[in-house]
Amino acid sequence: KDLGLNTDLNITEQQWSWIGHQLHCLEIHGSPSSKMQCLHEVMQSLTHHLHAHLRWKKAVQQNQIELQSLSSVSKKRGVAGENITVGADDIFPALIWLIIQTQPQRLSSSLSLIEHVSESPTSGVHAYSFTLFKQAI
C-alpha cells in the first residue's frame, strides 16, 4: 500500500535499520522521561536523514539546471544558502514506514506509560515527537 512516502528520498536500508535500532532501544528504557527522550532521538535521526536527502536532491536539481543553462560562474548559486524544510508531510509517512518495517515491541504501551504515568509533553519538540508517534500507531 502507498503510504505517501517521498520515493525520491532514497534512504538506504542501513539508515532505516539504524533508526529502527534506535526505536527498538525504547524497550530498555524504564522511566517515562527516558522513553520520551528515546522517541525524541528517533525523530531527530529521522528528520536529519530526511533533511540530508532532500538537500541532496535539491543540489542535484540545481546542478542539472546550471548544466542545462550553461550559466556563468558568477551566476551560480549554491544550495548551502537555500532553505530546505522537512515538515510533517515528509516525517509522518516516513515514521509510519519505520514503525511498519521495524515492528517495535511495546511501542503502544510505552506511549501509554508516557501519557498516563507522567505528564505528557504539551509543547516543544518532545510534544511534537510524542504526537507524531501517537498518531502513527
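Please refer to the structure placed before this passage.
Cut-offs applied
Residues numbered from 1 in each chain as written. Predicted model: local features only at pLDDT ≥ 70, side-chain atom pairs only at ≥ 80, totals over all residues. Heavy atoms only, no water. Salt bridge = Lys/Arg side-chain N within 4 Å of Asp/Glu carboxyl O. Helix = DSSP H or I, 4+ residues; strand = E, 2+ residues; numbered from the N terminus. Buried < 20%, exposed > 50% of the residue type's maximum accessible area, 1.4 Å probe, protein only. Axes fitted to C-alpha atoms, helices over the stretch in contact; angles between N-to-C directions. Parallel < 35°, antiparallel > 145°, perpendicular 65-115°, else oblique. Left-handed = near helix turned anticlockwise from the far one by under 90°. Contact = heavy atoms within 4.5 Å. Nonpolar A, V, L, I, M, F, W, Y, C, P; charged D, E, K, R; others polar. Core = buried A, V, L, I, M, F, W, Y, C linked by side-chain atoms within 4.5 Å. Polar contact = N/O pair within 3.5 Å; in protein donor to acceptor, adjacent residues only side chain to side chain. Expected span 1.5 Å × (residues − 1).

Section: the pattern of salt bridges
Now for step 1: Going through the model one piece at a time under the given rule, you end up with 2 salt bridges.
Now for step 2: Linking glutamate 27 and arginine 106 is a salt bridge whose minimum nitrogen-to-oxygen distance equals 3.3 Å. On the criterion of sequence distance, the pair formed by glutamate 27 in the loop between helix H1 (13-24) and helix H2 (32-69) and arginine 106 in the loop between helix H3 (88-102) and helix H4 (107-117) is long-range, its members being 79 residues apart.
Now for step 3: For glutamate 27, a relative accessible area of 30% gives the class partly exposed.
Now for step 4: Among the ionic pairs, lysine 134 bridges to glutamate 115, the shortest N-O distance being 2.9 Å. Taken as a pair, lysine 134 in helix H5 (residues 124-136) and glutamate 115 in helix H4 lie far apart in primary sequence, 19 residues in all.

Here we look at the packing of H3 against H5
Now for step 1: Remark: H3 packs on H5, axes separated minimally by 10 Å, with the N-to-C direction vectors making an angle of 55 degrees. Considering their axes alone, H3 and H5 lie oblique with respect to each other. Once H3 is placed against H5, the crossing between them reads as right-handed. Packed against H3, whose contacting residues are Ala88, Ile91, Phe92, Leu95, Ile96 and Ile99, the element H5 presents Tyr128, Leu132, Phe133, Gln135 and Ala136 at the interface.
Now for step 2: A per-class count over the contact of H3 with H5 returns 10 nonpolar, 1 polar and no charged.

Concerning the nonpolar core
Now for step 1: In this structure, Leu23, Leu39, Leu46, Leu95, Leu107 and Phe133 are the most contacted members of the largest nonpolar core, which totals 27 residues.
Now for step 2: Top element by residues in this core is H2. It accounts for 8 residues.

As for the side chain of histidine 40
Now for step 1: Mapped onto the secondary structure, histidine 40 falls in helix H2.
Now for step 2: In contact with histidine 40, not counting residues within four places along its chain, are Val125, His126 and Ser129.

Description of the side chain of threonine 102
Now for step 1: Tracing the sequence through the fold places threonine 102 in helix H3.
Now for step 2: Polar side-chain contacts of threonine 102 include one of 2.7 Å to the backbone oxygen of leucine 98.

Observations concerning the environment of valine 117
Now for step 1: In this fold, valine 117 is placed in helix H4.
Now for step 2: Residue valine 117 is classed as exposed on the basis of its relative accessible area, which comes to 58%.
Now for step 3: It is 7.3 Å that separates the C-alpha atoms of valine 117 and proline 32, two residues lying 85 residues apart in sequence.

Examining H3
Now for step 1: Over its 15 residues, H3 extends 20 Å from the first C-alpha to the last, a length consistent with the 21 Å expected when each residue adds 1.5 Å.
Now for step 2: Of all the residues in H3, the buried ones are Asp90, Ile91, Pro93, Ala94, Leu95, Ile96, Leu98, Ile99 and Thr102.
Now for step 3: Positioned one or two residues after H3, glutamine 103 has a phi angle of 45 degrees, which is positive.

Topic: the packing of H4 against H5
Now for step 1: Contact geometry of H4 with H5 gives a least axis separation of 11 Å together with a crossing angle of 135 degrees. Judged by the inter-axis angle, H4 sits oblique to H5. For the element pair H4 and H5, the recorded crossing hand is left-handed. On the side of H4, the interface is formed by Leu107, Leu111, Ile114 and Glu115, while H5 contributes Phe130, Phe133 and Lys134.
Now for step 2: Its residues assigned to classes, the contact of H4 with H5 shows 5 nonpolar, no polar and 2 charged.

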